[in-house]
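Structural overview for review
What follows is the residue order along each chain.
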Amino acid sequence: MKTLVGFGDADSFYASAEVVRRPWLRGLAVGVLGNQGACVIARNYPMKRHGVKVGEPIWEAKKKCPTGVYVKRDFRWYETLSRKMLAEAGLFSQKIEYYSIDEFFWEGSATRGRTFRQTAEDIREHVKLSTGLPMTVAFARTRTLAKLFADTAKPYGAVAVEDADHETEILAKLPVTEIAGIARGSAAKLEPHGIKTCLDLRQASGLLVRRLLTVTGHDIWRELNGYRVTPIRTTRTPHKMLSRGGSLAGRVKDAYTLYGWLVRNVERLIEELQFHEVRPSTLTVAVSYFDADSATGVANLCVPSARFDVLLDAAKRGLRRAWRPGRVATHMHLIASGLKRGPWQQSLFDPADPKRDAVARAKRTINDLLGRWKLRSGATLFANDWYDDPANEHEVCDVRGKFCF
Amino acid sequence: MCTGTALARSELPLALVSQHRLAERLYDRDGREEFQFQWWQSPAVLPVRRNGRIEIIPWGSKSRKGPLPYGGWVSQDHVAEGLFAHANPEEVVIPANLGWQAGAWFLIVEGIRGVVVETRSGPVVYMLMEPASNYYRNMTEQSPMMPIFVRQVI
Ligand SMILES: [Mg+2]
């Protein structure tokens with residue numbers, strides 16, 4: 001049976017998700033604001049028609065779209081809908097990949113008695129009926145092609161491009177920058193060689209493409225030519241590194257506040273390490289500054305560990321190197337790498353510490369029972385404002401199992 | 001601050017609409033009909049859920065001379081300290097779908113907490129305020145105070 005790569009992408013997902021739970025918003029211009037209330041991180045088509053762009057500050061957006069309604073983001077809700085979409089779209093294929101919070105790839109054949117195009121329509125209708133979310137669905141020979149054709153069919157499109165001739169017709173009209181993974185810099189490298197459209201790229205020599213855009217670009221070239229480079233991945237490949245962190249919710253100059261955030265990020269990282277059952281051998285603290293260059297501090301652990309006291313100790317060493325006294329910090333990331341999977345052996349450098357293990361267990365049990373961060377390190381009080389807002393409990397990186405943001 | 005609210009047309013009983021001539025406050029937002037209650041309107045009023053029903057009540061005081069605090073907003077702390085101790089204050093909910101401040105309409109899940117006080121000419125409602133969150137400040141061009149929302153944190 002003929003199979004193609006299916007791709008589903010919810011249309012303006014965050015804004016659509018808000019409409020699902022508040023149907024009265026339907027038809028209104030809706031903008032979703034980031035956790036700082038300053039920028040539009042997503043907007044629906046009515047707001048887009050007013051010219052509001054993603055990333056635009058609200059003070060610009062409200063001028064362009066005075067009737068727009070601004071909503072605070074809620075990743076807990078978005079995750080619920082995301083998983084529902086995955087489950088519903090998954091009814092059409094045994095092999096589906098959770099690519100991002102609102103994008104899915106699957107290996108699909110046409111439903112019996114239906115064409116691929118009709119099957120795409122059926123999936124779109126089914127997802128709409130079962131979740132309330134509008135989704136664009138595309139079938140094509142490869143992932144890159146399916147995503148490309150879906151992007152051009154938005155919103156609420158359903159397309160199937162099954163053969164090279166049909167592809168040629170569409171690719172000739174699309175600039176190379178339409179391809180996810182080809183940014184303006186890459187396009188500038190291609191242009192002197194007369195490669196402007198996706199079709200130009202497909203017809204270029206593979207050798208030239210690899211020279212200009214490295215292996216990554218070459219893989220795109222192969223996908224454009226109908227060769228499936230990346231298979232459909234039904235489970236997340238094990239992480240090479242895990243990280244937690246992000247914005248410091250404003251500008252931070254004070255060392256105690258910075259330390260509060262460090263401890264918060266250590267606690268979040270431990271949650272993640274425990275979930276994936278891994279222990280890092282290296283911890284990196286990266287801090288971005290408003291008025292200075294970013295800085296990183298690397299700390300190696302004698303023995304891979306996911307214990308609070310050990311990680312905090314390493315994180316402190318890292319922060320000491322990444323801290324620029326007197327400078328204003330804006331972002332912090334904690335990156336765990338050199339991840340080791342069990343079974344772990346007791347070593348001379350890693351003496352058993354039943355007391356601390358018991359404290360960690362108690363902390364975890366209490367938080368599982370009563371909610372995240374109900375019991376947390378006292379040092380996080382230095383960054384306490386953050387915990388007052390339940391929306392901050394759940395970020396897009398907390399949606400597990402997907403391949404990218 | 002929060003200088004205006006909007007409530008879907010369907011959420012107010014017809015009798016109230018004619019009694020308070022609310023048709024003048026009816027707006028069309030991209031096809032959705034809503035009543036808007038703005039501080040600049042004269043008279044300024046707000047819908048209030050009180051004793052299990054909705055009433056339309058004068059909003060704050062635009063006079064600096066009378067016994068009432070000037071404006072349509074009072075801080076929760078001042079109320080707790082006894083601002084209205086002699087005016088029989090009663091906590092109420094101001095139902096709203098949207099709030100308005102500094103040119104931006106933002107979503108309100110259920111409503112805003114308010115306080116109704118008795119005066120010689122009848123009840124008057126104030127919005128209850130607290131120091132604004134970082135989010136609210138950014139959204140509203142640095143408004144220092146924000147309304148207290150019912151079951152909603154922004
Ligand atoms: Mg999308």
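Conventions we followed
- Every residue gets a number counted from 1 within its own chain, in the order that chain's sequence is written.
- Chain letters and ligand numbers both follow the written order, the letters beginning at A and the numbers at 1.
- Where local features are concerned, this predicted model is filtered to residues with pLDDT of at least 70; where side-chain atom pairs are given and counted, the filter is 80 or more; whole-chain, interface and lining totals use all residues.
- Hydrogens and waters are ignored; side-chain quantities use all the structure's heavy atoms.
- A run of DSSP states H or I qualifies as a helix once it reaches four residues; a run of E qualifies as a strand once it reaches two. Both are numbered from the N-terminal end.
- Note on exposure labels: buried denotes an accessible area under 20% of the residue type's maximum, exposed denotes more than 50%, and partly exposed covers the range between, all computed with a 1.4 Å probe on protein chains only.
- Should any heavy atoms of two residues lie within 4.5 Å, those residues are counted as being in contact.
- All accessible-area figures derive from a Shrake-Rupley calculation using a 1.4 Å probe, and residue coverage is judged against the displayed protein chains alone.
- Only four residue types enter the tally: Lys and Arg on the positive side, Asp and Glu on the negative side, with His and both chain ends excluded.
- Note that the charge is assigned to NZ on lysines, CZ on arginines, CG on aspartates and CD on glutamates.
- Donor selection uses N, O and S atoms within 2.8 Å of the metal (3.2 Å for Na, K and Ca). Since no water is included, sites may look incomplete.
- Multiply 1.5 Å by the residue count of a helix minus one, and that product is the helix's expected span.
- Between any two strands, at least two bridges found by DSSP are needed for them to pair.
- The angle between two axes is taken between their N-to-C directions and runs from 0 to 180 degrees, where each axis is a line fitted to C-alpha atoms and a helix contributes only its stretch in contact.
- Put simply, a patch holds well-exposed residues, over 30% relative accessible area, that have no salt bridge, with like charges counted together within 9 Å and Val, Leu, Ile, Met, Phe, Trp or Tyr side chains within 5 Å.
- Salt bridge, as used here, is a side-chain nitrogen of Lys or Arg placed within 4 Å of a carboxyl oxygen of Asp or Glu.
- Only rings of Phe, Tyr and Trp enter the pairing, Trp through its six-membered ring, and a pair is recorded when the two centres are within 6.5 Å. The plane angle decides the type: under 30 degrees is stacked, over 60 is edge-to-face, the rest tilted.
- Each nonpolar core is a collection of buried residues, namely Ala, Val, Leu, Ile, Met, Phe, Trp, Tyr and Cys, held together in the definition by side-chain atoms within 4.5 Å.
- For classification purposes, an angle smaller than 35 degrees is called roughly parallel, one larger than 145 roughly antiparallel, one from 65 to 115 roughly perpendicular, and anything else oblique.
- Handedness of a helix crossing follows the sense of rotation of the near helix relative to the far helix, less than a right angle counterclockwise being left-handed and clockwise being right-handed.
- Polar here means any residue outside two lists: the nonpolar Ala, Val, Leu, Ile, Met, Phe, Trp, Tyr, Cys and Pro, and the charged Asp, Glu, Lys and Arg; Gly therefore counts as polar.

1. Overview of the overall build of chain B
- Scanning chain B from terminus to terminus reveals three helices and 12 strands.
- Based on the C-alpha atoms only, the size of chain B along its principal axes is roughly 45 × 40 × 30 Å.
- When burial is assessed residue by residue, chain B has 53% of its 154 residues classed as buried.
- Pairs at least 24 residues apart make up 56% of the contacts formed inside chain B by residues separated by at least 6 positions.
- Surface summary for chain B: the accessible area is close to 7400 Å², and the carbon and sulfur share equals 51%.
- For chain B, the separation between the mean place of its 15 positive charges and that of its 15 negative charges on side chains is 5 Å.

2. Comments concerning the coordination of the magnesium ion
Residues and elements named next belong to chain A.
- Note on the magnesium ion: its protein donors are Asp9 (OD), Ala10 (O) and Asp102 (OD). The metal-donor distances range over 2.1 to 2.4 Å.
- For the magnesium ion, the donor residues sit on a single chain with the sequence spacing D-A-x91-D. Of this pair, Asp9 sits in strand E1 (residues 4-10) while Asp102 sits in the loop between strand E5 (96-100) and strand E6 (103-108), and the two are 93 residues apart along the sequence.
- Take Asp102: its relative accessible area is 13%, and that puts it in the buried class.

3. Digging into helix H13 (residues 354-370) of chain A
- Its 17 residues place the ends of H13 of chain A 24 Å apart at the C-alpha level, agreeing with the 24 Å of an ideal helix rising 1.5 Å per residue.
- In the stretch just after H13 of chain A, Gly371 of chain A is the one whose phi turns positive, near 120°.

4. Brief notes about the sheet that holds E6 of chain A
Residue and element names in this part refer to chain A.
- Taken in spatial order, the five strands of this open sheet run E5-E6-E1-E7-E8, and their pairing is mixed. One side of each edge strand has no neighbouring strand; the edge strands of this open sheet are E5 and strand E8 (158-160). Between one strand axis and the next, the sheet turns by 15° as a mean value, whatever way the strands run.
- Here six bridges tie E1 to E6, and the two strands are oriented antiparallel to one another. Its bridge partner lying in E6, Gly8 is registered against Phe104.
- Sheet strands touched by helix H4 (residues 75-89): E1, E5, E6 and strand E7 (135-140). Its angle to E5, the strand with the most contacts, is close to 155°.
- Sheet strands touched by helix H5 (residues 116-131): E1, E6, E7 and E8. Its angle to E7, the strand with the most contacts, is close to 155°.

5. Notes on a nonpolar patch on the surface
- A cluster of nonpolar side chains, namely Ile366, Leu369, Leu370 and Leu375 of chain A, defines an oily patch on the protein surface of about 390 Å² accessible area.
- Inspection of the secondary structure assignment puts Leu370 of chain A in helix H13.

6. Side note on the packing of aromatic side chains
- Following the criterion strictly, the structure yields 18 aromatic pairs over all chains and no others.
- Between the aromatic rings of Tyr14 of chain A and Tyr78 of chain A, the centroid separation amounts to 4.6 Å while the plane-to-plane angle is 10°, which identifies the pairing as stacked. One end of the pair, Tyr14 of chain A, is in helix H1 (residues 13-21); the other, Tyr78 of chain A, is in helix H4, with 64 residues separating them in the sequence. Residues Tyr14 of chain A and Tyr78 of chain A agree in their burial class; the two are buried.
- Residues Phe106 of chain B and Phe149 of chain B carry aromatic rings whose centres are separated by 6.1 Å and whose planes lie at 85° to one another, so their mutual orientation is edge-to-face. Taken together, the residues span a long stretch of sequence, with Phe106 of chain B in strand E9 (residues 104-107) and Phe149 of chain B in the segment after strand E12 (145-147) at a distance of 43 residues.
- Taking the relative accessible area as the measure of exposure, Phe149 of chain B reaches 7% and is therefore buried.
- Cluster of aromatic residues (ring-pair linked, three or more members): Phe13, Tyr14, Phe75 and Tyr78 of chain A.

7. Side note on the nonpolar core
- Core analysis: the biggest nonpolar cluster contains 45 residues, and Leu12, Phe37, Met127 and Tyr136 of chain B have the highest contact counts within it.
- In contact with Phe37 of chain B, not counting residues within four places along its chain, are Thr3, Gly4, Thr5, Leu7, Leu12, Leu22, Arg25, Val45, Leu46, Pro47, Ile56 and Trp59 of chain B.
- Tyr14, Ala17, Ile101 and Met135 of chain A belong to the second largest nonpolar core, which has 41 residues in total.

8. Description of the packing of H4 of chain A against H5 of chain A
Residue and element names in this part refer to chain A.
- Across the interface, H4 lies against H5 with an axial gap of 10 Å and an inter-helix angle of 140°. Between H4 and H5, the crossing angle belongs to the class labelled oblique. Read as a crossing pair, H4 and H5 show a hand that is right-handed. Packed against H4, whose contacting residues are Leu81, Lys84, Met85, Glu88 and Ala89, the element H5 presents His126, Val127, Ser130 and Thr131 at the interface.

9. Quick word on the pairing of E5 of chain A
Residue and element names in this part refer to chain A.
- With respect to burial, E5 is a largely interior element, four of its five residues being buried.
- In terms of strand pairing, E5 meets E6 through four bridges, oriented antiparallel. For Ile96, the partnering residue across the bridge sits in E6 and is Trp106.
- From the end of E5 to the start of E6, which pair antiparallel, there are two residues.

10. Description of the packing of H1 of chain A against H4 of chain A
Residue and element names in this part refer to chain A.
- Relative to each other, H1 and H4 sit at 90°, their axes nearing to 10 Å. Comparing the axis directions of H1 and H4 gives the class roughly perpendicular. Across the interface between the two elements, Phe13, Tyr14, Ala17, Glu18, Val20 and Arg21 of H1 pack against Phe75, Trp77, Tyr78, Leu81, Ser82 and Met85 of H4.
- The class makeup of the residues in the contact of H1 with H4 is nine nonpolar, one polar and two charged.

11. As for unusual backbone geometry
- Here Lys154 of chain A and Pro155 of chain A are connected by a cis peptide whose omega angle stands at -5°.
- You can see Pro155 of chain A is positioned in the loop between helix H6 (143-153) and E8.
- The phi torsion at Thr214 of chain A lies on the positive side, around 60°, for a residue other than glycine.
- Of note, Thr214 of chain A is situated in helix H10 (residues 206-224).
- Classification of Thr214 of chain A by relative accessible area gives partly exposed; the value is 47%.
- Backbone geometry places Glu141 of chain B, a non-glycine residue, at a positive phi of 55°.
- With respect to the helices and strands, the residue Glu141 of chain B is situated in the loop between helix H3 (134-139) and E12.

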